[in-house]
Amino acid sequence: MLSEPLLRVRAAWCVVLAVLGGCAVPPAPHGDPRLEINAMLARSAAAWNRGDLAGFMNDYARDSLTSYVTGGHVQYGWQPLYDRYSLRFDEVRVRPLTTDLALCTARFALRRGERVIASGPFTLILAKRDDRWLILHDHTSSDPK
């Protein structure tokens, strides 16, 4: 019969082997890949449409081998892909109408790398609620192509 210390060592090894063995077992499928990927793409499009670049890029693997193909070229890496897109506001003019109401006019430029892919003027009507300015109305136009 094994002594108590040897039983403890043996029990500890059994736990270690069980954990290691469990690590080798592939994870069970989470569900239907078609549904999961469709949901991911819908979430990604919604993030893009609300101008949430970080949310849009959240579905890309954050590693140096993530690839993006466009214009006959392959670009590698999450960060270079993220850096490829930028939204800039220019000619911003804010006209306070009251202490909690303002009119803002400006121009937007959505860039992909050095190239502007969409731009145009916009007008916002904003109201201050609590400590935040919130957009009540947004009128955005695109520059002619």
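Attention here is on the structure that accompanies the text.

Here is what the cut-offs are and how they apply
Residues numbered from 1 in each chain as written. Predicted model: local features only at pLDDT ≥ 70, side-chain atom pairs only at ≥ 80, totals over all residues. Heavy atoms only, no water. Core = buried A, V, L, I, M, F, W, Y, C linked by side-chain atoms within 4.5 Å. Buried < 20%, exposed > 50% of the residue type's maximum accessible area, 1.4 Å probe, protein only. Helix = DSSP H or I, 4+ residues; strand = E, 2+ residues; numbered from the N terminus. Contact = heavy atoms within 4.5 Å.

**Focus: the nonpolar core**
Ranked by size, the top nonpolar core spans eight residues in total: Ala 47, Leu 53, Phe 56, Met 57, Tyr 68, Trp 78, Leu 81 and Tyr 85. Those elements that place two or more of their residues in this core are helix 3 (53-57) and helix 4 (78-84). Among the elements that line this core, the one with the most residues is helix 3, at three residues. Excluding residues that lie within four positions of it along the chain, Leu 53 makes contacts with Trp 48, Tyr 82 and Tyr 85.

**Some remarks on the side chain of Ser 119**
Along the chain, Ser 119 turns up in strand 5 (residues 115-129). The class for Ser 119 is buried, based on a relative accessible area of 17%. If sequence neighbours within four positions are ignored, Ser 119 has contacts with Arg 107, Phe 108, Ala 109, Ser 141, Ser 142 and Asp 143.

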